[in-house]
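Fold and contact review
One-letter residues, chain by chain:
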Amino acid sequence: MSHNALLFASRAHGLGHLDQAEGLFRSIPAGTPEFADAVTGLAVIAYQKGQPREAAVHFSRLVALRPGEAPNHCNLGECLRECGRLDEAATQLKIGIALDPDQPDAFNSLGLIHHAQRRMDLAEEALNTALSLRPDFPMAMINLGMVLQERRKLKDAERWFRSALAIDPDNAMGNSNLGQILVEIGRADDLDEAERCCLKAVSLTPHRPQPINNLGNVYRSMGRFEDAVGCYRKAITLAPGMAMPVNNLAQAFQGRARYDEAAELYLNALELEPNSARFHANYASLLAEQERQDEAIARYGHALTIDPSHAESLCGMGQAYAQLQDPDRAVECFRKALDLDPDLTAPRLGLSNVYSELGEFEKAREESSRALASHPQLVEVYYQRASHDKGTVSDEDLQRMVGLLDTKHLGEGARAQLDFALGMVYDHRKDYESAARHFRSGNAHQHEMRSRRGESYDSDSFARWVDEIIAAFTPEQIQRRSTISPRSRRPIFVVGLPRSGTTLTEQILASHSAIHGAGECLFMNNLLKALPSKGREDGSSPLSGLNSLTTSHLNEIAENYLDLIAKRNPDAPYVVDKMPDNVNLLGWIHVLFPHARVIHCRRDLRDVALSCWQTCFGSIRWANDWVSIARRFSDYLRVDEHWKRLSPIQWLDLPYESAIKDPETSARRLIDHVGLDWEPDCLRFHETKRQVRTASLSQVREPIYRTSVARWRNYEFAMQPFLDEMERRGH
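Below is a summary of the structure that appears in this document. (Residues numbered from 1 in each chain as written. Predicted model: local features only at pLDDT ≥ 70, side-chain atom pairs only at ≥ 80, totals over all residues. Heavy atoms only, no water.)

Before going further, it helps to spend a moment on the overall build of the protein chain. The helix and strand inventory of the protein chain stands at 38 helices and 5 strands. Oriented by its inertia axes, the alpha-carbon framework of the protein chain measures out at about 115 × 60 × 45 Å. Counting across all 731 residues of the protein chain, residues that qualify as buried make up 54%. For the protein chain, the proportion of contacts with a sequence separation of at least 24, taken over those separated by at least 6, is 64%. With the model as given, the accessible surface of the protein chain reaches about 31900 Å², and the carbon-plus-sulfur share is 50%. Distance between charge centroids for the protein chain: 2 Å, based on 86 positive and 100 negative side chains. (Helix = DSSP H or I, 4+ residues; strand = E, 2+ residues; numbered from the N terminus. Buried < 20%, exposed > 50% of the residue type's maximum accessible area, 1.4 Å probe, protein only. Contact = heavy atoms within 4.5 Å. Areas by Shrake-Rupley, 256 points an atom, 1.4 Å probe, with all protein chains shown as cover. Lys, Arg positive; Asp, Glu negative; His and termini not counted. Charge placed at Lys NZ, Arg CZ, Asp CG, Glu CD.)

In C-alpha cells form, the structure reads like this:
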C-alpha cells in the first residue's frame, strides 16, 4: 500500500500537481521502507512552494533518517540559509561537502553565507571552488561577481556577469547586475548597454524591486532625473522595507540640491539599515556639500567604525579635511583609501587636488596620471592640467579632449569642465576664436546644470540685497558703532571681486612670519545670517535686526568669529580672511571690528569680467553670461561708492595693475598697512608652502607675470554684451 502511494505521489509530483502529491506523501506512515522517500518528496515540494522553513523541517528529519547522505545535509543547509539561520546552514553544508567534496551547489550556497556574513575572502574562495567543479554555472558566476563588486573589483565582476549571460542570456539577476556594474565602472559610453540590461531584467521580473532600482541608477548617471526618481519610487512601493532605493532617491535629490528632502530620505534609509557604512557615508557627503564639514567628518568616522575597510568614507573624510585646510589629514585619508583599493580613482583625484593646492604639481600630475590610466574619460584630470599649466597640453591630450566631446552621456558638469579646459588650451595657443567658442559652450552647460539644480542666479534679488545693505549701514549707524571700544585686530580682511588679485594679495601677506592665510571663509556671511537668533524674533532680513543689537550681542558675535578663525590657526598674531564677497559686508565688518585692517583689491573690470567668464567656478553663479556679470559689477560699484561715503570705514586700495608693475612697492604697502616690519619673504610669495583653494592656485606658485593685464582686448569681439550692458548702466 505504501509502495503504491509513493508511486502515485511521485507521478503527481512529476506532473506538477503539488498539493495532490503532498497529500499522498503525507499518507505514507513512518516505519515503512518508503517513509524516507516520502519525507524527501515533502521537503522538495515545500521548497518548490517557497516554504524554506517547512522544507528545513523535512530535510532535518531526512538527515536523521539517512545521516551519511551528502545531498541531504547540503539541501538542509540551503534551506537554513534561506531562513537566515546562517551558522547552522554553514555547518550542514560543510558536513555535506566533507561527505562528498564534488558538490558545486553546496560551495555556491556556502559562498552566499560567507558573503552575507561579510567574510569576503571565504566567499570568493567558496564560489571559485564551485566554478572549478562546474565551469558553466551561471548563478555561481553571478554570485562571485556580486562579491567582487562589493570588494570594488569592478572589472572582474563585469567579466563574471558577462560570462553568466553568455550561458544564460535571459537571467534577470545577471542582466540587472551587469547594468549596475557598468554604472559603477563609470564609462559614459557603457550607459546605453547598462540601460538595455536593466530594462531586460525588469521585463523578465517586473515585480522585483532590485532591477528597477538599478535602472534608476542608470537613468541618474544619464542625467535623466525624473526617470530615475520614478524608478526609485516604484522600487520603494514594491519593497517598502528595502533601504537601497530610499538611499538612491536621496542621492538623486542631493544631485539637484534638494537638500532637505535628501536629508530626510537618508535618515529613512538609515532607520531601515542603521549599520550601513555606505548610507552613513552618503549622508556625510550631503553634510559636506552644505559646508558642514565637522559634522561630515564625524559621520564618516561612524561609517568607518561600522566598516573599517570602507574606502569611500576615507575618501570623503579626506575631501572634508581638504576643505578645512588640513592637508596632512586629507592626504592620510586618501592614502588609507588607496591602501584598501589601489584601483580607486576618487582618492587619487583627491591627492592630486591637495598636492596642487600645496603647489606640489609634480606629485599632483603623478596621481592624476594614475587615475587617467585606469579611467581615460576623467574630464577632471584634463581640466586640472589645463588650469594648472595655463593651457599647456600636448597635442595628444588635446586630441583626446576633443574626442571626449562626442561622448553621449558625459553629463552637463563634466561637459562644462571639458569646454573650459579646451578654452584654456586654445587661449594659450592664441586661437581666441576657438577659445571663445569653448568658453561660451562651457558657460552654457554650467548654466543649464545650475538651472536643473534650482541654483540659477537672480540679479534682481542681489540688487535688492545691495539696497538693503546700503539702507542698513547708514552714516548714523556706522558713526554710533564706531564709538565702541576696539576689539581684536587679529583678522585681516581681503575683499574685492573674484579674479581681482585677492589670492595673490593673501599669498603675499601669508608669506610674512606673523600672518596666517586662512583662505576663503564664509564666517562673516554666516554670522550675519544668524542674526535672527541674536537680536530678533521675526523672519525678516537679518539686516533689519542691526539696530536692536546691544554691545554685548556684538561682543558675543565678534568672539564667535575669533573662535572660528582660531580653528584655522590658533597661534599666528594675524589671520587673513580672504573672501571677495565680503566687499558687500564692509559695514558689518566695521561694526564687529572697527579697527581691523581691510585690503580692497581692484582691477580693470574688463579683465575681471573676462577672467570670471573663463573660469569654471564651483559656487559663483553669476559668471555664466555677460549680462549677469555686468549687473553684478554694477551692484559692486554701487556698494563700493556707498562705503567710500562712510568715512569711518577705511581700507587700503590695492590696484592689481600696480602690483604687477611694481611688486615690491605694493607688497611693502600691504605689510605697512597691517603694521608689521617688512620681511623679504613677502616678495618670494611663490615659494610659500601653504594650501591655496582657489582658481588662482597655480598663479601664486610663480613670480608675478604681466600677461594678465589688458587680456580683455583679445576677446573684445566676444565681450560686447558685457560692454554694452555696462555702458547702458552708466559705467
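Let's pick the thread back up.
Further remarks concern helix H17 (residues 277-289). Look at H17: 18 Å from first C-alpha to last across 13 residues, which is about the 18 Å you get at 1.5 Å a residue. Summarising the contacts, the buried residues of H17 are in contact with helix H15 (243-255), helix H16 (259-272), helix H18 (293-306) and helix H19 (311-323). Immediately downstream of H17, the backbone of Glu 291 shows phi near 65 degrees, a positive value. (Expected span 1.5 Å × (residues − 1).)

This part covers the environment of Phe 717. Its location among the elements puts Phe 717 in the loop between helix H37 (663-674) and helix H38 (720-728). Counting along the chain gives 390 residues from Phe 717 to Pro 327, while the straight-line C-alpha distance between them is 42 Å. Discounting chain neighbours no more than four positions away, the residues touching Phe 717 are Tyr 432, Glu 433 and Ala 436.

Attention shifts here to the packing of helix H12 (residues 191-204) against helix H13 (residues 209-222). Where H12 contacts H13, the two axes come as close as 9 Å, and the packing angle between them is 160 degrees. Judged on the interaxial angle alone, H13 and H12 are roughly antiparallel. The hand of the H12/H13 crossing is left-handed. Of H13, the residues touching H12 (which contributes Leu 191, Asp 192, Ala 194, Glu 195, Cys 198, Leu 199, Ala 201 and Val 202) are Pro 211, Ile 212, Asn 214, Leu 215, Val 218, Tyr 219, Ser 221 and Met 222. Taken together, the residues of the contact of H12 with H13 break down into 12 nonpolar, 2 polar and 2 charged. (Axes fitted to C-alpha atoms, helices over the stretch in contact; angles between N-to-C directions. Parallel < 35°, antiparallel > 145°, perpendicular 65-115°, else oblique. Left-handed = near helix turned anticlockwise from the far one by under 90°. Nonpolar A, V, L, I, M, F, W, Y, C, P; charged D, E, K, R; others polar.)

So, about the packing of helix H7 (residues 104-116) against helix H8 (residues 120-133). Remark: H7 packs on H8, axes separated minimally by 8 Å, with the N-to-C direction vectors making an angle of 165 degrees. When the interaxial angle is binned, H7 and H8 end up roughly antiparallel. For H7 against H8, the interelement crossing comes out left-handed. Here H7 contributes Pro 104, Phe 107, Asn 108, Leu 110, Gly 111, His 114 and His 115 to the contact with H8, which in turn contributes Met 120, Leu 122, Ala 123, Ala 126, Leu 127, Thr 129, Ala 130 and Leu 133. Tallied by class, the residues present in the contact of H7 with H8 amount to 10 nonpolar, 5 polar and no charged.

Positive phi outside glycine occurs at Arg 152, with the angle close to 65 degrees. Examined against the element boundaries, Arg 152 turns out to sit in the loop between helix H9 (138-150) and helix H10 (154-167). Taking the relative accessible area as the measure of exposure, Arg 152 reaches 26% and is therefore partly exposed. Phi at Glu 291 is positive, roughly 65 degrees, even though this residue is not glycine. Topologically, Glu 291 is positioned in the loop between H17 and H18.

On to the sheet that holds strand S1 (residues 491-496), then. Within the open sheet, the 5 strands sit side by side as S2-S3-S1-S4-S5. Their pairing is parallel. With one partner strand each, in any of the chains shown, strand S2 (515-517) and strand S5 (652-655) form the two edges of the open sheet. Between one strand axis and the next, the sheet turns by 25 degrees as a mean value, whatever way the strands run. Note: strand S4 (residues 597-602) against S5, 4 bridges, orientation parallel. Residue pairing across strands places Arg 602 opposite Pro 655, the latter belonging to S5. Contacting S1, S2, strand S3 (574-578), S4 and S5, helix H29 (residues 502-510) runs over the sheet at an angle of about 160 degrees to S1. (Pairing = 2+ DSSP bridges.)

Another aspect to go through is the packing of aromatic side chains. For the structure on display, the rule yields 15 aromatic pairs. Seen from their ring centres, Phe 439 and Trp 613 are 5.9 Å apart, and the 55 degrees between their planes marks the pair as tilted. Placement of Phe 439 in helix H26 (residues 432-452) and of Trp 613 in helix H34 (residues 605-613) is noted, with a sequence separation of 174 residues between them. Note on Phe 493 and Phe 593: the rings are 6.4 Å apart at their centroids and 40 degrees apart in plane angle, and the pair reads as tilted. Here Phe 493 is found in strand S1, whereas its partner Phe 593 is found in the loop between helix H33 (586-592) and S4, with 100 residues between them in sequence. Its relative accessible area of 0% is what places Phe 493 among the buried residues. Judged by its relative accessible area of 1%, Phe 593 is buried. Taken together, the ring pairs in this structure connect Phe 420, Phe 439, Trp 613, Trp 622, Trp 626, Phe 633 and Phe 722 into an aromatic cluster. Sitting over the ring of Phe 137, Arg 134 keeps its end group 4.3 Å from the ring centre. Above the plane of the ring of Tyr 656 lies Arg 603, whose end atom (NZ or CZ) is 4.4 Å from the centre. (Phe/Tyr/Trp six-rings, centres within 6.5 Å; stacked < 30°, edge-to-face > 60°. Lys NZ or Arg CZ within 6 Å of the ring centre and 35° of its normal.)

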